[in-house]
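So you can see what is in the structure, the chains are spelled out below.
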Amino acid sequence: MAQAEESASDGAGAVALDALSPAQWGQRAWDLLEKVRARAPLVQCITNFVSMDLMANTLLAAGASPAMVHSLHEIDDFTPQADALCVNIGTLSDGWVPSMRAAAAAAFRAGRPWVLDPVAVSASEFRMEACLGLMALRPTVIRGNPSEIIALSSASRVQGSKGADSSHESLDAVESAKSLAQRSGAIVAVSGATDFITNGQQVIAAHNGVAMMQKITATGCTVTALIAAFVAVEPSAALEATAYALSIFGLAGELGFKMAKGPASLRMHMIDSLHSLHEQIVVSGANISLVS
Ligand SMILES: Nc1ncnc2c1ncn2[C@@H]1O[C@H](COP(=O)(O)OP(=O)(O)OP(=O)(O)O)[C@@H](O)[C@H]1O
Ligand SMILES: Cc1ncsc1CCO
Ligand SMILES: [Mg+2]
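Residues numbered from 1 in each chain as written. Chains lettered and ligands numbered in written order. Predicted model: local features only at pLDDT ≥ 70, side-chain atom pairs only at ≥ 80, totals over all residues. Heavy atoms only, no water.

For the chain, the name recorded in an unreviewed UniProt entry is Hydroxyethylthiazole kinase, with Canna indica as its organism. Listed under Pathway (unreviewed entry) in UniProt, the entry text for the chain is "Cofactor biosynthesis; thiamine diphosphate biosynthesis; 4-methyl-5-(2-phosphoethyl)-thiazole from 5-(2-hydroxyethyl)-4-methylthiazole: step 1/1." In UniProt, the chain has this text filed under Function (unreviewed entry): "Thiazole kinase involved in thiamine salvage pathway." (UniProt positions renumbered as here; feature names shortened; annotations may be inferred.)

Below, the structure written as structure tokens:
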């Protein structure tokens, strides 16, 4: 076991992140992927119809165990058995909101991490209200694109607001992410060319990925579920675990891109690359740094 991993298991805050070399970041990312493969965490996903296939196959390729379970009738029995929960509002409809709320509350009661993906949160009052209600149930991590994080951050500052504009600077999103993290108590991750992950004080950057990943629908939804799997096996270090999930997913995208002819084959090669990641390629390929 790497020295860095020993420190990580002491819990969040036990490690001086500013002292880590690029290779140590990579080593810690690999150690956590190995843990996911060894423990195969069961991840319950209440997610949009578009994302289900890619999400389930990506979780499997990472070594986790996906379950797309969303009926309200199954929450009491199923959610306490899951190692983590992923809630995604992408194709939200009336009937699903009670399931999402019940599952989030059950996960929280059971002491399991749960992760929120606020897809297109500013598109309607319905989505925004659902998201703000879910945020009150204490998500462990919130992951969105810059527009979503800025909208959620500004709406949670003044409840009832419709959110923000559609085009944003990444620095604006980082400040919104920090303020959202401080107010919600969640780790907040903003995805993009560089992914930023914050607990409201520290900010980690994960630089892996290729732009073509945006041409595959639900890559963002999918990396949110991968975050749930990573946090499930390292719940006391959710900030780092979130960064490693984003970096590993981006690295799989980079490797897949070398074999791809376009978005459809990138989707396939990305899953294959994630499945066959090994220590040397993760240690040298994960590109993570501490911003502040
Ligand atoms: N310009 C880019 N360069 C490299 N990687 C990127 C870029 N944009 C996004 N990514 C990566 O693509 C994945 C999806 O991020 P994105 O911000 O597109 O999510 P999203 O908008 O929520 O997607 P969706 O709603 O379709 O699921 C992330 O892993 C992110 O790191
Ligand atoms: C295309 C689409 N529509 C609702 S959810 C979704 C997947 C990307 O978020
Ligand atoms: Mg999204």
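Now that the structure has been shown, we can carry on.
Caption draft 1: Quick peek at the site of ligand 2. Near ligand 2 the following residues occur: Asn-48, Val-50, Gly-90, Thr-91, Val-119, Thr-217, Ala-218 and Cys-221. Relative to its unbound accessible area of 290 Å², ligand 2 is 63% covered by the protein chains. Classifying every residue of the shell around ligand 2 by side-chain character gives 4 nonpolar, 4 polar and no charged. (Near = heavy atom within 4 Å. Areas by Shrake-Rupley, 256 points an atom, 1.4 Å probe, with all protein chains shown as cover. Nonpolar A, V, L, I, M, F, W, Y, C, P; charged D, E, K, R; others polar.)

Caption draft 2: Spotlight on the site of ligand 1. Taken together, 16 residues are adjacent to ligand 1, and Asn-145, Ser-191, Asp-195, Gly-220 and Cys-221 come closest. For ligand 1, an oxygen atom lies 3.4 Å from a polar atom in the backbone of Gly-192. In the model, an oxygen atom of ligand 1 is placed 2.8 Å from a nitrogen or oxygen of the Cys-221 main chain. Burial of ligand 1 by the protein amounts to 85% of the accessible area it has alone, namely 630 Å². Mapping ligand 1 onto the cavity grids shows that it belongs to the largest pocket. (Polar contact = N/O pair within 3.5 Å; in protein donor to acceptor, adjacent residues only side chain to side chain. 1 Å grid on protein atoms, 1.4 Å probe; cavity = no way out; pocket = protein on both sides within 12 Å on 5 of 7 lines; lining within 4 Å. Sits in = over half its atoms within 2 Å of the grid points.)

Caption draft 3: Fine view of the sheet that holds strand S4 (residues 114-117). As summarised here, the arrangement of the 9 strands in space is S2-S1-S3-S4-S5-S6-S7-S8-S9, forming an open sheet in which the pairing is mixed. Strands with a single pairing partner mark the edges of an open sheet, and in this sheet they are strand S2 (65-67) and strand S9 (288-290). Each strand axis lies, on average, 20 degrees off the axis of its neighbour in the sheet, ignoring direction. Bridge count between strand S1 (residues 42-46) and S2: 3 bridges; the pairing is parallel. In the sheet register, Val-43 faces S2, and the bridge partner there is Pro-66. Helix H6 (residues 125-135) contacts strand S3 (84-88), S4 and strand S5 (141-144) of the sheet and is inclined by roughly 160 degrees relative to S4. (Pairing = 2+ DSSP bridges. Helix = DSSP H or I, 4+ residues; strand = E, 2+ residues; numbered from the N terminus. Axes fitted to C-alpha atoms, helices over the stretch in contact; angles between N-to-C directions. Contact = heavy atoms within 4.5 Å.)

Caption draft 4: Representation of the nonpolar core. Formed by 100 residues in total, the largest nonpolar core has its most connected members in Leu-59, Trp-114, Leu-134, Ile-142, Leu-152, Ile-197 and Phe-230. Here the element with the most residues in this core is helix H10 (residues 238-257); it accounts for 12 residues. Not counting the four nearest positions on each side in its chain, Leu-152 is found in contact with Pro-118, Val-121, Met-128, Cys-131, Leu-132, Met-135, Ile-142 and Leu-180. (Core = buried A, V, L, I, M, F, W, Y, C linked by side-chain atoms within 4.5 Å. Buried < 20%, exposed > 50% of the residue type's maximum accessible area, 1.4 Å probe, protein only.)

Caption draft 5: Geometry of the packing of aromatic side chains. In the structure shown here, the tally under the stated rule is 2 aromatic pairs. Each ring, one from Trp-25 and one from Tyr-244, has its centre 6.3 Å from the other, and the planes form 65 degrees; the classification is edge-to-face. Here Trp-25, found in helix H2 (residues 22-39), pairs with Tyr-244, found in helix H10; they are 219 residues apart in sequence, far enough to count as distant. Exposure remark for Tyr-244: the relative accessible area of 3% places this residue in the buried category. (Phe/Tyr/Trp six-rings, centres within 6.5 Å; stacked < 30°, edge-to-face > 60°.)

Caption draft 6: Broad picture of the confidence of the model for the chain. When pLDDT is averaged across the chain, the result is 92; 90% of the residues are at 70 or more. Across residues 1-13, where pLDDT falls below 50, the model places 20 contacts with residues more than four positions away in sequence or in other chains. Scored below 50 in pLDDT, residues 160-167 makes 15 contacts in the model with residues more than four places away or belonging to other chains. Confidence metrics for the complex model read pTM 0.94 and ipTM 0.99. (pLDDT = per-residue confidence, 0-100.)

Caption draft 7: Region of interest: the layout of surface pockets. There is about 670 Å³ of room inside the largest pocket. Lining the largest pocket are 27 residues; nearest its centre among them are Arg-143, Ser-191, Gln-214, Thr-219 and Gly-220. Secondary structure elements with two or more residues in the lining of the largest pocket: helix H7 (146-157), helix H9 (219-233) and H10. By residue class, the composition of the lining of the largest pocket is 13 nonpolar, 11 polar and 3 charged. (Points joined across faces, edges and corners; volume = space filled by probe spheres on them.)

Caption draft 8: Structural detail: helix H11 (residues 263-275). Here H11 spans 18 Å end to end across 13 residues, near enough to the 18 Å set by a 1.5 Å rise per residue. Within H11, burial applies to Ser-265, Leu-266, His-269, Met-270, Ile-271, Ser-273 and Leu-274. Looking at the buried residues of H11, the elements they touch are H2, helix H3 (52-62), H9 and H10. (Expected span 1.5 Å × (residues − 1).)

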